Amino acid sequence: MTSGRAVLVATEYEDATADLVIAELNRRRVPVLRFDPGQDFPAGISLTAYAEERGWSGRLTAHGRTTTLEEVRALYHRRPSLYQGYDSQDQAQRFAAQENRRGLGGVLASLSNCLYLSHPQAIARAEYKPAQLAEAKRLGLLVPRTLVTNDPAEARAFAAERPTIYKPLHAGSYSVAGEPAGIWAAAVESREIDDRVSGCAHLFQERVDKSADARAVVVGGEVFCARITSPAGVVDWRAEYQHLTYETVDCPGAVRQALLRFLAAFDLNFGAFDFALSTDGGWWFLECNPHGQWAWLEHATGLPITSAIADLLEKGE
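Every chain is numbered on its own, with residues counted from 1 as its sequence reads. Note on the predicted model: pLDDT of at least 70 is required for a residue's local features to be given, and 80 or more for side-chain atom pairs to be given and counted; whole-chain, interface and lining totals, by contrast, use all residues. Only heavy atoms go into the side-chain values, all of them from the structure, while hydrogens and water stay out.

1. Points about the overall build of the chain
Part 1 of the argument: A tally of regular secondary structure across the chain gives 9 helices and 18 strands.
Part 2 of the argument: When we talk radius of gyration, it's over C-alpha atoms, and the globule rule is simply 2.2 Å times the number of residues to the 0.38. For the chain, the C-alpha radius of gyration of 21 Å lies close to 20 Å, the compact-globule estimate for 317 residues.
Part 3 of the argument: The C-alpha extent of the chain, read off along each of the three principal axes, is 60 × 50 × 40 Å.
Part 4 of the argument: For each residue, the accessible area found with a 1.4 Å probe, counting protein chains only, is set against the maximum for its type, and the residue is called buried under 20%, exposed over 50%, and partly exposed in between. Looking at the 317 residues of the chain, the share that counts as buried comes to 46%.
Part 5 of the argument: Any two residues having at least one pair of non-hydrogen atoms within 4.5 Å are treated as being in contact. Considering only contacts within the chain whose residues lie at least 6 apart along the sequence, 67% involve residues at least 24 apart.
Part 6 of the argument: Across the chain, the 32 positively charged side chains and the 40 negatively charged ones have centroids separated by 3 Å. Working definition: helices are DSSP H or I runs of at least four residues, strands are E runs of at least two. Numbering for both runs from the N terminus. Positive charges come from Lys and Arg alone, negative charges from Asp and Glu alone, with His and the N- and C-terminal ends not counted. By convention, the charge on Lys lies at NZ, on Arg at CZ, on Asp at CG and on Glu at CD.

In structure tokens form, the structure reads like this:
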């Protein structure tokens, strides 16, 4: 049994970023219960939840540790796995996975007096890039000219008028010859676009004449920024990790206020924002990852992001 109000950490088994936060909470003697709902339930997790006037009461047991639902102070929703059987061809397994997701997931998403970092449903809503881009423009951020289409003619016309990049709408898992791979943003010319574009939605965007990139990590009301410099000609810095350099950088006041309003609009307590820094000094919004990575930036720059996240989780609602 945990003593005191616990912090729940829902993430996959191997998550070095979550490990940093858990270690800091342990140092502060904040009780933590870590689990992966999709992999651990129901075999490794026991849930008993009663609907009461003040919210859910009962208990959650995972890996031999138990906490009462009424005493959960925060849920750190990082990167939990899909519920087992969710994509199964077996009807019974699919049914069970849906019940698990709506049962355990539904209880975890409706705890009283619990701070969410961030709420699972808010994260799911914020993962849609078209919604992000529309909100960023509404808030006055610079956003590159963008086209979402499955019309090859429209895509070719767009790319013929301006330097263009293609990027996926979702950074999901992909493999090449059985090995995990990433689909990075890449330059594309009009003549390269063919009728295969009609097979799904594609995102095309005007290429920013940039001097560097920036990642702004927002935790509650705190904004931590790092400038990321990659070799000349690199479109997507994630493809060149071994050749990057980092330095802390101040976030312009207007951009900082827009980021805080962005999180508020999506009801998030965390966001990892990517910007292209143009040669004329502009900060061009590219995207927000509502549970993005940051640990490597803290290691490279000393930005105290672990401490800021632990502060928020320790304080709770």
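2. Here's the deal with the environment of S307
Part 1 of the argument: By the element assignment, S307 lies in helix α9 (residues 305-315).
Part 2 of the argument: As for S307 and V21, which are separated by 286 residues in sequence, their C-alpha atoms are 7.6 Å apart.

3. Notes on the packing of aromatic side chains
Part 1 of the argument: Classification of ring pairs rests on two measures: the distance between centres of Phe, Tyr or Trp rings, Trp counted by its six-membered ring, which must be within 6.5 Å, and the angle between planes, read as stacked under 30 degrees, edge-to-face over 60 and tilted in between. For the structure shown, the criterion picks out 11 aromatic pairs.
Part 2 of the argument: Considering the side-chain rings of W237 and Y241, the 5.8 Å spacing of their centres and the 90 degrees angle between planes classify their relative orientation as edge-to-face.
Part 3 of the argument: Taking the relative accessible area as the measure of exposure, W237 reaches 4% and is therefore buried.
Part 4 of the argument: With relative accessibility at 41%, the residue Y241 sits in the partly exposed group.
Part 5 of the argument: Measuring from centroid to centroid gives 5.1 Å for F262 and F273, while their planes differ by 80 degrees, and the two rings are edge-to-face. Here the residue F262 occupies a position in helix α7 (residues 253-266), and F273 occupies one in strand β17 (residues 270-278), the gap between them amounting to 11 residues.
Part 6 of the argument: When its relative accessible area of 0% is taken as the criterion, F273 is described as buried.
Part 7 of the argument: Joined through ring pairs, the aromatic side chains of F262, F266, F273, F275, W283 and F285 make up one cluster.
Part 8 of the argument: In this structure, R162 packs its charged tip against the face of F158, placed 4.3 Å from the ring centre. For a lysine, the NZ atom is tested; for an arginine, the CZ atom; a charge sits over a ring if that atom is within 6 Å of the ring centre and within 35 degrees of the ring normal.

4. Considering the pairing of strand β14 (residues 210-219)
Within a regular beta strand, the side chains point alternately toward one face of the sheet and then the other, so they alternate between its two faces.
Part 1 of the argument: Extensive coverage of β14 is indicated by the burial of 8 of its 10 residues.
Part 2 of the argument: One requirement defines pairing of two strands: DSSP has to find at least two bridges between them. In this structure, β14 lies alongside β17, joined through 9 bridges in antiparallel fashion. Paired with A212 across the two strands is L277, which belongs to β17.
Part 3 of the argument: Summarising the sheet, β14 and strand β15 (residues 222-229) pair through 7 bridges and their orientation is antiparallel. In the sheet register, D213 faces β15, and the bridge partner there is I228.

5. With respect to helix α3 (residues 91-108)
Part 1 of the argument: To estimate the expected span of a helix, subtract one from its residue number and multiply by 1.5 Å. Across its 18 residues, α3 extends 25 Å between first and last C-alpha, which sits within 8% of the 26 Å expected from 1.5 Å per residue.
Part 2 of the argument: Listing the buried residues of α3 in full gives A97, N100, L104, V107 and L108. Projected onto a plane normal to the axis of α3, the buried residues spread over an arc of 125 degrees and lie on a single side. With respect to the buried face of α3, the exposed residues turned more than 90 degrees away are Q91, F95 and R102.
Part 3 of the argument: The definition of a polar contact used here is a pair of N or O atoms within 3.5 Å, where within protein one atom must be able to donate a hydrogen and the other to accept one, and adjacent residues in sequence count solely through side-chain atom pairs. Here α3 starts with a cap whose side-chain oxygen sits 3.1 Å from the backbone nitrogen of A92, and that cap is D90. Here the arc refers to the directions that run from the helix axis out to each C-beta atom.

6. Here we look at the pattern of salt bridges
Part 1 of the argument: Just to be clear on terms, a salt bridge is a Lys or Arg side-chain nitrogen sitting within 4 Å of an Asp or Glu carboxyl oxygen. With the rule as written, the count across this model stands at 16 salt bridges.
Part 2 of the argument: Note that D19 and R34 form a salt bridge whose closest N and O atoms lie 2.4 Å from each other. Residue D19 is found in helix α1 (residues 16-27), and its partner R34 is found in strand β2 (residues 32-35); the two are separated by 15 residues along the sequence.
Part 3 of the argument: For R238, the salt bridge is made with D236, and the minimal N-O distance between the two is 2.6 Å.

7. Regarding unusual backbone geometry
Part 1 of the argument: The amide bond that connects F41 to the next residue, P42, takes the cis arrangement and shows omega of 10 degrees.
Part 2 of the argument: Structurally, P42 is set in the loop between α2 (37-40) and β3 (45-52).
Part 3 of the argument: That bond from L117 to S118 is cis: its omega, -15 degrees, falls within 30 degrees of zero.
Part 4 of the argument: With respect to the secondary-structure elements, S118 resides in the loop between β7 (115-117) and α4 (120-126).
Part 5 of the argument: In this model, R29 sits at a positive phi of 60 degrees, which is unusual for a non-glycine residue.
Part 6 of the argument: As for its placement among the helices and strands, R29 is situated in the loop between α1 and β2.
Part 7 of the argument: Assessed through its relative accessible area of 77%, R29 is described here as exposed.
Part 8 of the argument: Of note, N113 is a non-glycine position whose phi angle comes to about 55 degrees, a positive value.
Part 9 of the argument: Locating N113 in the fold gives a position in the loop between α3 and β7.

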